[in-house]
Amino acid sequence: LGQIVGGKAPSWYGDGGASSSNSYGLVGVEGDEDIDWVKMEADLYYWTKALRPVQWYPGHIGKAEKELKEQLKLMDVVIEVRDARIPLSTTHPEMDSWLGNRKRILVLNREDMISKADRNAWAAYFSRQGMKVIFANGKLGMGSTKLGRLAKDMAANVNIKRRAKGLLPRAVRAGIVGYPNVGKSSLINRLLKRRMCPAAPRPGITRDLKWVRFGKDLELLDSPGILPMRISDQTAAIKLAMCDDIGERSYDVADVAAVLVQMLIRIPSVGAKALQDRYKIDNDCLCGKTYVNIPLVPLIIY
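Definitions and cut-offs
Residues numbered from 1 in each chain as written. Predicted model: local features only at pLDDT ≥ 70, side-chain atom pairs only at ≥ 80, totals over all residues. Heavy atoms only, no water. Pairing = 2+ DSSP bridges. Helix = DSSP H or I, 4+ residues; strand = E, 2+ residues; numbered from the N terminus. Core = buried A, V, L, I, M, F, W, Y, C linked by side-chain atoms within 4.5 Å. Buried < 20%, exposed > 50% of the residue type's maximum accessible area, 1.4 Å probe, protein only. Contact = heavy atoms within 4.5 Å. Salt bridge = Lys/Arg side-chain N within 4 Å of Asp/Glu carboxyl O. Axes fitted to C-alpha atoms, helices over the stretch in contact; angles between N-to-C directions. Parallel < 35°, antiparallel > 145°, perpendicular 65-115°, else oblique. Nonpolar A, V, L, I, M, F, W, Y, C, P; charged D, E, K, R; others polar. pLDDT = per-residue confidence, 0-100. Lys, Arg positive; Asp, Glu negative; His and termini not counted. Polar contact = N/O pair within 3.5 Å; in protein donor to acceptor, adjacent residues only side chain to side chain.

- Where an unreviewed UniProt entry is consulted, the chain appears under the name G domain-containing protein, with the organism given as Linum tenue.

### Thoughts on the pairing of strand β5 (residues 210-214)
Right, so step 1: When β5 meets strand β6 (residues 218-222), the two strands line up antiparallel, connected through 5 bridges. In the strand pairing of β6, W211 is matched with L221.
Right, so step 2: The turn linking β5 back onto β6 is made up of 3 residues, and G215 within it adopts a positive phi angle of 70°.

### Some details on the nonpolar core
Right, so step 1: Counting residues in hydrophobic clusters, the biggest one holds 59 residues, and the most contacted among them are L72, I79, I105, V107, L147, L220 and I246.
Right, so step 2: With residues up to four places along the chain from it excluded, the contact list for L72 reads V78, W98, L99, R102 and V177.
Right, so step 3: The next biggest cluster of nonpolar side chains, apart from the first, holds 9 residues, and it includes W122, Y125, F126 and V133.

### Examining the pattern of salt bridges
Right, so step 1: Within the structure shown, the criterion is met by 14 salt bridges.
Right, so step 2: Among the salt bridges present, the one from E70 reaches K73, with a minimum N-O distance of 3.3 Å.
Right, so step 3: Of the residues examined, E70 reaches a relative accessible area of 46% and is grouped as partly exposed.
Right, so step 4: Taking the relative accessible area as the measure of exposure, K73 reaches 54% and is therefore exposed.
Right, so step 5: Its salt-bridge partner being R104, residue D96 comes within 2.4 Å of it at the nearest N-O pair.
Right, so step 6: Classification of R104 by relative accessible area gives buried; the value is 17%.
Right, so step 7: The network of salt bridges with shared partners includes E80, R82, D96 and R104.

### Some points on the packing of helix α9 (residues 253-265) against helix α10 (residues 271-279)
The geometry of a pair of packed helices is captured by two quantities: the angle between their axes and the separation between those axes.
Right, so step 1: For the pair α9 and α10, the least separation of the axes is 7 Å and the interaxial angle reads 120°. By the angle between their axes, α9 is oblique relative to α10. On α10, the residues touching V261, L264 and I265 of α9 are G271, A272 and L275.
Right, so step 2: Residue classes in the contact of α9 with α10 are distributed as 5 nonpolar, 1 polar and no charged.

### Overview of the sheet that holds strand β1 (residues 77-83)
Right, so step 1: Here 6 strands make up an open sheet; going across it, the order is β3-β2-β1-β4-β6-β5 and the pairing mixed. The sheet is open, and its two edges are formed by β3 (132-136) and β5, each paired on a single side. Between one strand axis and the next, the sheet turns through 25° on average, direction left out of account.
Right, so step 2: With 5 bridges connecting them, β1 and strand β4 (residues 172-178) associate as parallel partners. Bridge pairing in β4 places V78 opposite G175.
Right, so step 3: Strands β1, β2 (103-109), β3, β4, β5 and β6 of the sheet are contacted by helix α7 (residues 184-192), whose axis makes an angle of about 155° with β6.

### Concerning the confidence of the model for the chain
Right, so step 1: Counting all residues, the mean pLDDT for the chain is 76, and 77% of those residues have values of 70 or more.
Right, so step 2: Here residues 197-207 is a poorly scored stretch, pLDDT under 50, and it has 34 contacts once near neighbours within four places are set aside; other chains count.

### A short note on the pairing of β1
A regular strand places its side chains so that they alternate between the two faces of the sheet.
Right, so step 1: Across the 7 residues of β1, 7 count as buried, placing the element largely inside the fold.
Right, so step 2: Taking every second residue as pointing to the same face, both faces of β1 are buried, with V77, I79, V81 and D83 on one and V78, E80 and R82 on the other.
Right, so step 3: Pairing of β1 with β2 involves 7 bridges; the strand directions are parallel. Within the sheet, the bridge partner assigned to I79 lies in β2 and is I105.

### Some thoughts on the side chain of K184
Right, so step 1: Take K184: it is sitting in helix α7.
Right, so step 2: Here K184 is buried and forms no salt bridge, its nearest opposite-charge partner D222 lying at an N-O distance of 6.0 Å.
Right, so step 3: Within the structure, K184 has its side chain in polar contact with the backbone oxygen of Y179 (distance 2.8 Å).
Right, so step 4: When residues no more than four places from it in sequence are discounted, the contact partners of K184 are V81, I176, V177, G178, Y179, D222, S223, P224 and G225.

Okay, here's the thing in C-alpha cells:
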C-alpha cells in the first residue's frame, strides 16, 4: 500500500483513462473501483518530480520534537491522529521507533471526508497490522467517547501493577501525537467538552506541549504537529499540500492545484466533463496546468 509500482513516466498531457483493478489495496472514491490506483500513484510520483520540492520545518518543530520524545517515555498509551484521507502520508517515518512497545491507538480523523467503502478498507488494512483504529470527526465529536473509553481500557493494567507494588492509583497518561493540522487539538477539546487547546483549520497553531486533565482517570498531552526535517517522499508531500496538512508557504499553490486537477480528471466519477461543467470551461485538454491557468468566469447564483 502506498508503493510506487509500475506505470510509465506520463507527460502533463495524460490520456485521462483508468484501467485495471485496485490490487494493492489502495482505496479511493466509492464507486471508482475501476481506477488503477497503483498507476495513479506512479503517475503522481512522476508529476511531482518536476515540481519544486515541498519542505516545511518551522523553528518550533525541532524543539517540540525533542520535548515530545522525552514525554513519550512517561506515556501509558499513545494516541496517533492521522488524516483519514491520506493516512499513510500523515505518519512520521520515525513514529514506530519512538513508540517502541508502547500501546497505541490510531485515530483516523475527518471520517466525514471519506466514503464508507474507504473506511472499511482502511479498517481492514490497519487491523491486519495489529493496530486498534477509531474513526473520528474532531469538529462534531464523533468517536471521542469511544476514544476516551479505549484509552482508559488499554492502560488499565497501569494501576493494577501500582496497587501490587503498594502504590496509590494515578491518572492514565495518554499522549496525542501526529502531523500538523490533522485535528489533534479539536479532538482533545471534544473529549473535554470544552475548549482547552487552541485549534484552527491551518497547520502550526499548537506550538507547545500542554497537559490537560480528562476527569480523574485520564491526562492528555496535546503536542504540536511533528514533521520530519526533510520530507523525502514527495508523493506524500504533495498529498499533504492538497489536504492542507502542511504550511502553504512550502509549496506553489498553482502546481499543487494542477496535480490535483489531473488526478480528478482520471477519476471516472469526476472526469474532465465534470470540471468543464462546474467551471464553465470550454476546453478538451486534459492537462491540469491548462485548467489552472484558464481565467474563470465568476459564477452568478440567482
